[in-house]
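# Coordinate inspection notes
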Amino acid sequence: MHPGFDHITSLGFIFKITPEGVRCVQRTLKKSRYLSTKSIVMKRIISITSALLVAVFLLSCNNSQDLIRFPVHPREPGVTDVLELRCEPLDTVRIAFIGLGMRGSGAVYRYTFLDGVRVVALCDVVPENVDKANDVLTAKGFPKAGAYTGPEDWKRVCERADVDLVYVCTHWDLHAPIGVYAMEHGKHVALEVPAALTVEQCWQLVNTAEKTRRHCIQLENCNYDFFEMATLNMAQQGLFGEIVHTEGAYIHDLRSLNFREKGGYWDMWRLKHNERENGNLYPTHGLGPIAHILNIHRGDRMDYLVSVSSAQFGMTAYARETFGEDSDYARTEYLNGDMNTSVIRTVKGKIIMLQHDVTSPRPYSRLHTISGTKGFAQKYPRPGIALEPDGHRFLSDAALDSLLRLYEHPIVREVGQKAKEVGGHGGMDFIMDYRLVYCLRNGLPLDMDVYDAAEWSAIIELSRTSVANNGRPVCIPDFTRGAWERLPEVKYFRLDSLE
């Protein structure tokens, strides 16, 4: 029961009565009075029909969608938003890396290929990871960085006076706490995905970034993949017309990594999240590129979502087959469903469909689907583009290659070849790092801001909330607090493009 509303039970269903619903029922019942009341059979038909009409109209005429809402934090007096935030240029970006496992170790290697950077601190609770990272630095002619291995040493790193940027690659639970602490100590912060796990943590990041005027970027590398950047360029030049529908996903069979006790995720942290949470636990890889194509919080914003999860089958089946029916892994209850599907509607009526599946034996996919009034593009399962006037067919391979060359993003033209040589998911990781350092050194707004980090990461708790409430719609907070209407579109700043 919801306070402030009356309810009725009809045909086994509970319906909420609203004023508009009552008026709809009254209009319907008036129309039914012409029926004969002399026949008992007709009376029964009227009774049954009326009950059905009550049910139908109370559902269809109820304009209140019973949205679940999270509170919006008020902005502190005197504090303003940080859209297109510009900070003082840094001639040399002094970097501290926190977390040197799978992602962090690769980041240290990539940074040895960037100009204008100096790694001053390395932090990880596994001492061997720090030693290996320092070996990477010295092998490339860089001096050793300060070593930190205590469980709370990340705080000491953030407190150092000679750090400009804190680059965080720990397990998920520490991303937001380190991000907030780093900004409070005057540092810019780059957070691996997801930047936060709860809506409250998202607000903490936003409020801290606005108060301290420090950059907070989520390290969403997929925004910089070559096909994604080309389709961003196409969208911004109107090739697809008005974009109506988009799709993104993280479909990646991680069963062997999740259950790997050595050489997998530290302390098996990812498996633990799948044990206790049910929703889209990793939304940003699929969402990030299409959010920028749709100009989210730059002229449009995500309004609400609905989310459902399948039951869980795959984790248990894998555990039984790998470790035995009586193993602890096989007897463990895994809450997260094998497939989660979330549908988001924007304020301007665009649709985003997101999926998450890390347990099914199927090819990797982030979908990356764009459907507009003049064209269509998809990256998975195979790249393809279809355009008017022959939208029924994909372009030939030769025509697709030609189109991708024509719309190659200027940033890819600038650094794409070097990115492929350095590597990191085919080069997109390097482009991400290059752009971060480029913007910091030139005092330019970053490609992704704290509102991106908050909006994309908030999908985790918002989807979990919808799933737990049988797919009820959940409002997506406006982390810009109204400022999203001020900017016309996403912009990746470059010195040669400034007026």
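A few points on the structure. Fair warning: this is a prediction, and the values are worked out from it, not measured in the lab.

As a packed pair, helix 15 (residues 410-422) and helix 16 (residues 428-442) sit with axes 9 Å apart at the nearest point and diverge in direction by 125 degrees. Classed by the angle they form, the pair helix 15 and helix 16 counts as oblique. Along this stretch, helix 15 crosses helix 16, giving a crossing that reads as right-handed. Packed against helix 15, whose contacting residues are Ile 411, Val 412, Glu 414, Val 415, Lys 418, Ala 419 and Val 422, the element helix 16 presents Phe 430, Ile 431, Tyr 434, Arg 435 and Tyr 438 at the interface. Across the contact of helix 15 with helix 16, the residue classes break down as nine nonpolar, no polar and three charged.

What follows concerns helix 8 (residues 226-236). Among the 11 residues of helix 8, nine are classified as buried, and the element is accordingly described as predominantly covered. For helix 8, every residue scored as buried is listed here: Phe 227, Glu 228, Met 229, Ala 230, Thr 231, Leu 232, Asn 233, Met 234 and Ala 235. Following helix 8 by one or two positions, Gly 238 adopts a phi angle in the positive range, close to 85 degrees.

Attention shifts here to the sheet that holds strand 4 (residues 117-123). Pairing is parallel across the open sheet formed by six strands, whose spatial order is 5-4-3-6-7-8. Of all strands in the sheet, those bounded by a partner on one side alone are strand 5 (146-148) and strand 8 (216-218). Sheet twist, expressed as the mean angle between neighbouring strand axes with direction ignored, is 20 degrees. Note that strand 7 (residues 188-191) and strand 8 share three bridges and pair parallel. Residue pairing for strand 8: Leu 191 is matched across the bridge by Gln 218.

Residue Pro 194 follows Val 193 across a cis peptide bond; omega there is -10 degrees. Within the element layout of this structure, Pro 194 appears in the loop between strand 7 and helix 7 (199-212). Look at the link from Glu 388 to Pro 389: it is a cis peptide, with omega at 5 degrees. Relative to the assigned elements, Pro 389 resides in the loop between strand 15 (384-387) and helix 14 (397-406). Despite not being glycine, Asn 295 has its phi angle at roughly 60 degrees, a positive value. Counting through the fold element by element, Asn 295 comes out in the loop between helix 11 (284-293) and strand 10 (302-309). You will see that Arg 481, though not glycine, has its phi angle at about 55 degrees, which is positive. Relative to the helices and strands, Arg 481 is located in the segment after strand 16 (474-475).

Calculation criteria
- Residues numbered from 1 in each chain as written.
- Predicted model: local features only at pLDDT ≥ 70, side-chain atom pairs only at ≥ 80, totals over all residues.
- Heavy atoms only, no water.
- Axes fitted to C-alpha atoms, helices over the stretch in contact; angles between N-to-C directions.
- Helix = DSSP H or I, 4+ residues; strand = E, 2+ residues; numbered from the N terminus.
- Parallel < 35°, antiparallel > 145°, perpendicular 65-115°, else oblique.
- Left-handed = near helix turned anticlockwise from the far one by under 90°.
- Contact = heavy atoms within 4.5 Å.
- Nonpolar A, V, L, I, M, F, W, Y, C, P; charged D, E, K, R; others polar.
- Buried < 20%, exposed > 50% of the residue type's maximum accessible area, 1.4 Å probe, protein only.
- Pairing = 2+ DSSP bridges.

Bear in mind that shape data such as this cannot, by itself, settle questions of function.
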